[in-house]
Amino acid sequence: MPMNFHAEMYDYYIMAAVAIGLIECFFGYRILRFLLGILGFIAGAVVFGSLGYELSKGSELISIAAGIAGGLAGAFIMYTLYIVGVFAIGAALGYMTATYVFGILNATPLMILLVVAAVVGGLLAALLQKPMIILATAFGGAYAAVTGVAYLLLKSFDPLNPAFLDSLTENQLYRMAIIWFGLGVFGLVIQLMTLPRKEEPVPSEEEEEEAGEEESEDDKVDEDSEEEVDENDDV
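All figures in this text were calculated on a predicted structure; none of them were measured in a lab.

Analysis parameters
In this convention, every chain numbers its residues from 1, walking through the sequence in written order. Residue-level local features of this predicted model are given only where pLDDT is at least 70; pairs of side-chain atoms are given and counted only at 80 or more, and the full residue set underlies all totals for whole chains, interfaces and linings. For the side-chain quantities, the full set of heavy atoms in the structure was used; hydrogens and water were omitted. Counting from the N terminus, the helices are the DSSP runs of H or I reaching at least four residues and the strands are the DSSP runs of E reaching at least two. Accessibility here uses a 1.4 Å probe with only protein chains present; expressed as a share of the type maximum, an area under 20% marks a residue as buried, one over 50% as exposed, and anything in between as partly exposed. Every residue pair with non-hydrogen atoms within 4.5 Å of one another is taken to be in contact. Classification of ring pairs rests on two measures: the distance between centres of Phe, Tyr or Trp rings, Trp counted by its six-membered ring, which must be within 6.5 Å, and the angle between planes, read as stacked under 30 degrees, edge-to-face over 60 and tilted in between. Whenever two N or O atoms come within 3.5 Å, that pair is a polar contact, provided that in protein one can donate a hydrogen and the other can accept it, and provided that, for residues adjacent in sequence, both atoms are side-chain atoms. For the purposes of this section, nonpolar cores are sets of buried Ala, Val, Leu, Ile, Met, Phe, Trp, Tyr and Cys residues that join through side-chain atoms within 4.5 Å. pLDDT expresses how confident the predictor is about each individual residue, on a scale running from 0 to 100.

Tell me what's going on with the overall build of the protein, and back it up with residues and numbers.
A count of helices and strands for the protein gives eight helices and zero strands. Secondary structure elements of the protein, listed N to C terminal, follow the sequence α-α-α-α-α-α-α-α. Taking all 235 residues of the protein together, the buried fraction comes to 37%. Across the protein, every contact between residues at least 6 apart in sequence was considered, and the portion connecting residues at least 24 apart equals 75%.

What follows is the structure, encoded as structure tokens:
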């Protein structure tokens, strides 16, 4: 049983991850702060819920209470510390990409390389922000959705284990990789198509007053010019 969780409770976490993954895949950039709060809640709930379950020797009530408390703390941190959340999303993309590369190469994941991939992804997201956020949320959400659905269907691996791809057959691995890539590209296109357009800035009251004064000065200049022309015609 993954992480010694109660099986049904773990399934609920995975179902929530699938739903959030799909939302992240298609709308990640537009709802980033809300998304960061949700992801922070899930991460905090999983970590503290598992600790509560272990320390209480299987008490579901304590596990749920600890999960809620940890979830609220995680949501607060991710929502308020925006750059930390952006780094985390980029790091997740780097980590997930590295695990698939190891799986396709049929090699055992090296933790040091997974950490390096995560740090590089996080730094790129923090530096480039908008393009990396769109890329990371599209493919990160697709990864969560595909991996979660695969777990719910197969129940033969732990999706939180970096080496879980080793437990899949070659056909299963390639199918998951193809679906992940296809869903990620689709989510990327949808996000790019639905990006909010830049609106022209609304002028402030001071700017409107200045514009009005300039127009009135121009009108006066035009009137003076017309009067000079009329006087010359009379002469």
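Let's pick the thread back up.
Tell me about the packing of aromatic side chains, and name the residues and values.
Applying the stated rule across the entire model yields six aromatic pairs. Both rings, one in Phe26 and one in Phe186, keep their centres 5.5 Å apart while their planes meet at 80°; by these two values the pair is edge-to-face. Here Phe26 is found in helix α1 (residues 7–27), whereas its partner Phe186 is found in helix α7 (residues 170–193), with 160 residues between them in sequence. Given the relative accessible area of 17%, Phe26 is considered buried. Aromatic pair Tyr143 and Trp180: ring centres 6.0 Å apart, planes at 80°, arrangement edge-to-face. Taken together, the residues span a long stretch of sequence, with Tyr143 in helix α6 (residues 130–154) and Trp180 in helix α7 at a distance of 37 residues. Overall, the relative accessible area of 8% leaves Tyr143 in the buried class. Owing to a relative accessible area of 10%, Trp180 belongs among the buried residues under this scheme.

Can you explain the side chain of Thr137? Please cite residues and give values.
Note on placement: Thr137 falls in helix α6. Here Ile134 takes part through its backbone oxygen, which lies 3.1 Å from a polar atom of the side chain of Thr137. In this structure the side chain of Thr137 is engaged in a polar contact, spanning 3.0 Å, whose partner is the side chain of Gln191.

So what's going on with the nonpolar core? Residues and values would help.
Counting residues in each nonpolar core, the largest one holds 34 residues, and the members touching the most others are Tyr100, Phe164, Met176 and Leu183. When contributions to this core are tallied by element, the ones reaching two or more residues are α1, α2 (32–55), α4 (82–104), α6 and α7. The element contributing the most residues to this core is α6, with eleven residues. Ignoring anything within four residues of it in the chain, the contact list for Phe164 reads Tyr143, Thr147, Phe157, Asp158, Pro159 and Met176. In terms of nonpolar packing, the next biggest core, distinct from the first, is built from six residues, Leu35, Ile42, Ala45 and Val46 among them.

An account of the confidence of the model for the protein is requested, with residue identities and associated values reported.
On average, the protein scores 78 in pLDDT, and the residues at 70 or more come to 78%. This model gives residues 199–203 a pLDDT under 50, and the stretch forms one contact once residues within four places in sequence are excluded.

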